[in-house]
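What follows is the residue order along each chain.
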Amino acid sequence: MSSYYGRPVIKEPVWQPEIPWYFFTGGLAGASSVLSLVARLRGNEPLARRSLYVAAAADLVSPVLLISDLGRPERFLNMFRVFKVTSPMSVGSWILGISGGASATAALLEATGRLKVVKYAAEAVSALTGGPLAVYTGTLVADTAVPVWHEARHELPFLFGSGAVASAGAAAAVAVPREHAGPARRLAVGGTIVENVVMQAMEKRLGMLGEPYHQEEAGTYAKLAKACSLGGAALIGAAGRRSRFAAVAGGALLLAGEAALRWSVFKAGFQSARDPKYTVAPQRERLGYGPSSATETNV
Amino acid sequence: MLDSYGPEAKERMGFFTDTSVCIGCKACEVACKEWNLVPEDGLVWTGESYDNTSELGANTWRHVAFIEQSDPLRWLMSSDVCKHCTHAGCLDVCPTGSLFRTEYGTVVVQQDICNGCGYCVPACPFGVLDKRHLPRQDPPALPVLTKEEDGRVWKCTLCYDRLKGGHEPACAKACPTDSIQFGPLDELRERADKRLEKLQAENWNGARLYGRDPGDGVGGFGAFFLLLDEPEVYGLPPDPVVTTRDLPSMYRSAAIAAGAVVAGVLAAFVGGST
């Protein structure tokens, strides 16, 4: 296949390490908000309270990460100049702003025991926006010209969503006494299984475009993600009910796996953008051409 | 496209870059840099023919590609630029509204609004935009939350300021062979069709228009090209598609996934809440 001196056709993203960490904290926050409200409605107060605190903490870290990544951090408020439905980042900023504000308010009122009605309202808002918060980052990266992301546009929100659910379960399994953490353990195990299935489906769909998930840094993170998430889920599932140690160790391992998964997706995007073949070959195929018939260049 | 401008809308302006008459003088690169005060970003010898600029980016808004071919023996040159797409991915994904469509139908970054989120960079199917990593010129706004580098995204403005003054863009003005032609897009398309017809009648192998078709994946380029080989030879994508074309189905998937998150949490409480 010919290219211009092997140079990339598209630009690599300019996002820094804050971004994959935000994918992790945003997912954790969103799914924990949902978990908290459902636990509240089912009368599991310890789980509801701790998950709310996890959600609020992750929601507070998230904007710090995002602002720190900006080229002009002092202009972060420009994110709220407009609401643009064509930009998942605009939509996501509003979701995070609303969800984060609501969960922080709810957590504060929970801790101080004041304004019950306001607290319930804030919890409801945070839970309603929690689902979108957990998945939108998948859509955000898919809405680019990066082949490994764009072609996985239907899998990525499910991958990030299931990963978010698993991490919320894992965090609650760590934070909540084990007699109250049954749903959290089931969530951790179930989320991990779904996530690994979605990952397989995504790689199958990507075909040649999925190569980055087996190469360089993305490949390393993908292996790490799989080992840690499955290992952590197995530990939680097998022994989390009886042993506090197993719940904490399994939860920590699973959380590490979830962070690694975001890093893998993040790095795969860079690798996919860097090599012109991932951009050119599928486009030629789309046009009905074979491998480039162009005169060999770059003597 | 320009309906929202009402009576202020102008004719859609653009470039037709006819690479068959490009002589690789790089006057366009220089004129662009001078007029737009685009800073110097390092001087290197790449060893890649006469190309020492390598690619479009924050500090290169015109880039002349040089391709040495042996069969047939020829030297291709082409001045690349922002395509000012009809359906511009960069503009669609920009969360601040910094990127906007001008009354001339061109796509411009408002530097006083851009907060350097970087979303447009991988959204462009041509790799046109990039973040400027050179030191920032204006004093830091705050003692915290400020970076040393410029940090904003820059690209060709199709000389928006010159257009407003009734002038043609600097690169077109400087081009000595009229390889870069500026004008109303409709006229340029007609001119390009005639030029292609002429070249084909003279048996110029590989002559083709790139980005002229309003039915392509980005709705046609505002700045299109006549190329003498396949686009990828010049480092251009053969079938660019605006990423947001798939956005409705992507939001559908995201909505279902968000619902699945809630359903998953509810399912975890089946069989007991503790």
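K.L.:
Even after reading the chapter, I still don't get the sheet that holds strand β8 (residues 180–184) of chain B, so can you show me in this structure?
P.N.:
The pairing of strands in a sheet comes from backbone hydrogen bonds and takes either a parallel or an antiparallel form. All names here are of chain B. If you walk across this open sheet you meet the four strands as β8-β1-β10-β9, and the pairing is mixed. What marks the edges here is a single partner per strand, and that holds for β8 and β9 (208–210). Along the sheet, successive strands turn relative to each other by an average axial angle of 20°, direction set aside. In the sheet, β9 pairs with strand β10 (residues 223–227) via three bridges, with the strands oriented antiparallel. By the bridge assignment, R208 is partnered in β10 with L227. Along the sheet, helix α6 (residues 185–201) makes contact with β1 (13–18), β8, β9 and β10, crossing β8 at roughly 135°.

K.L.:
Just checking my understanding: could you explain helix α6 (residues 156–175) of chain A for this structure?
P.N.:
For an α-helix the count is 3.6 residues per turn, leaving residues at separations of three or four pointing the same way. Over its 20 residues, α6 of chain A extends 28 Å from the first C-alpha to the last, a length consistent with the 28 Å expected when each residue adds 1.5 Å. When you tally the buried positions in α6 of chain A, you get 17 out of 20 residues, the bulk of the element.

K.L.:
What should I look at first to understand a negative patch on the surface in this one?
P.N.:
Together, E11, D186, E187 and E190 of chain B give the surface a local cluster of negative charge. Among the secondary structure elements, E11 of chain B is positioned in the segment before β1.

K.L.:
When you look at unusual backbone geometry in this model, what are you seeing that I'm missing?
P.N.:
Most of the time, phi is negative for any residue but glycine, and the peptide bond is trans. Omega for the bond connecting D71 of chain B with P72 of chain B falls within 30 degrees of zero, at 0°, which places this linkage in the cis form. Its place among the elements puts P72 of chain B in the loop between β2 (62–70) and β3 (73–81). In this model, E216 of chain A sits at a positive phi of 45°, which is unusual for a non-glycine residue. Tracing the sequence through the fold places E216 of chain A in helix α8 (residues 216–239). Relative accessible area serves as the criterion here: at 53%, E216 of chain A is assigned to the exposed category. Residues other than glycine seldom take positive phi values, yet H84 of chain B does so here, at roughly 45°. Look at H84 of chain B and you get buried, because its relative accessible area is 1%.

K.L.:
Help me out: how do you make sense of the packing of aromatic side chains in this one?
P.N.:
The geometry of an aromatic ring pair is captured by the separation of the ring centres together with the interplanar angle, meaning the angle of the planes. All names here are of chain A. Counted according to the given criterion, the structure contains 22 aromatic pairs over all chains. Seen in terms of ring centroids, F23 and F160 are 5.5 Å apart; in terms of plane orientation they differ by 45°. Their pairing is tilted. Taken together, the residues F23 in helix α1 (residues 18–41) and F160 in helix α6 connect sequence positions 137 residues apart. Both rings, one in F80 and one in W94, keep their centres 5.0 Å apart while their planes meet at 80°; by these two values the pair is edge-to-face. Residue F80 is located in the loop between α2 (45–69) and α3 (88–112), and its partner W94 is located in helix α3; the two are separated by 14 residues in the primary sequence. One cation-aromatic arrangement involves R262 over F160; the distance from NZ or CZ to the ring centre is 5.1 Å. Positioned above the aromatic ring of F270, the side-chain terminus of K267 is 5.9 Å from the ring centre.

K.L.:
Would you explain the pairing of β8 of chain B in this entry?
P.N.:
Side-chain positions along a regular strand alternate between the two faces of the sheet. Residue and element names in this part refer to chain B. The element β8 is largely enclosed, with a buried count of five among its five residues. Pairing between β1 and β8: five bridges, direction antiparallel. Looking across to β8, one finds that F16 is bridged to Q181.

K.L.:
What should I look at first to understand the interface of chain A and chain B in this one?
P.N.:
Counting from both sides, the interface comprises 78 residues of chain A and, opposite them, 91 residues of chain B. Counting each side, the surface lost to burial between chain A and chain B is near 7,000 Å², with a carbon and sulfur contribution of 58%. Among the residues of chain A in contact with chain B, Y4, K11 and R72 of chain A are the three that bury the most area, contributing 13% of the side total. Run the count over chain A and chain B and you get nine salt bridges. For R286 of chain A, the salt bridge identified is with D239 of chain B, shortest N-O distance 2.8 Å. Viewed at the interface, chain B and chain A are joined by 39 residue pairs in polar contact (both at pLDDT 80 or more). Going through the elements one at a time, α1, α2, α3, α4 (116–142), α6, α7 (182–206) and α10 (276–286) of chain A are the ones with two or more residues in the side of chain A that touches chain B.

Rules used in this analysis
Residues numbered from 1 in each chain as written. Chains lettered and ligands numbered in written order. Predicted model: local features only at pLDDT ≥ 70, side-chain atom pairs only at ≥ 80, totals over all residues. Heavy atoms only, no water. Pairing = 2+ DSSP bridges. Helix = DSSP H or I, 4+ residues; strand = E, 2+ residues; numbered from the N terminus. Axes fitted to C-alpha atoms, helices over the stretch in contact; angles between N-to-C directions. Contact = heavy atoms within 4.5 Å. Expected span 1.5 Å × (residues − 1). Buried < 20%, exposed > 50% of the residue type's maximum accessible area, 1.4 Å probe, protein only. Patch = residues over 30% accessible without salt bridge, like charges linked within 9 Å, V, L, I, M, F, W, Y side chains within 5 Å. Areas by Shrake-Rupley, 256 points an atom, 1.4 Å probe, with all protein chains shown as cover. Salt bridge = Lys/Arg side-chain N within 4 Å of Asp/Glu carboxyl O. Lys, Arg positive; Asp, Glu negative; His and termini not counted. Charge placed at Lys NZ, Arg CZ, Asp CG, Glu CD. Phe/Tyr/Trp six-rings, centres within 6.5 Å; stacked < 30°, edge-to-face > 60°. Lys NZ or Arg CZ within 6 Å of the ring centre and 35° of its normal. Buried area = accessible area lost by both parts, 1.4 Å probe. Polar contact = N/O pair within 3.5 Å; in protein donor to acceptor, adjacent residues only side chain to side chain.

Geometric values such as these leave the question of function open.
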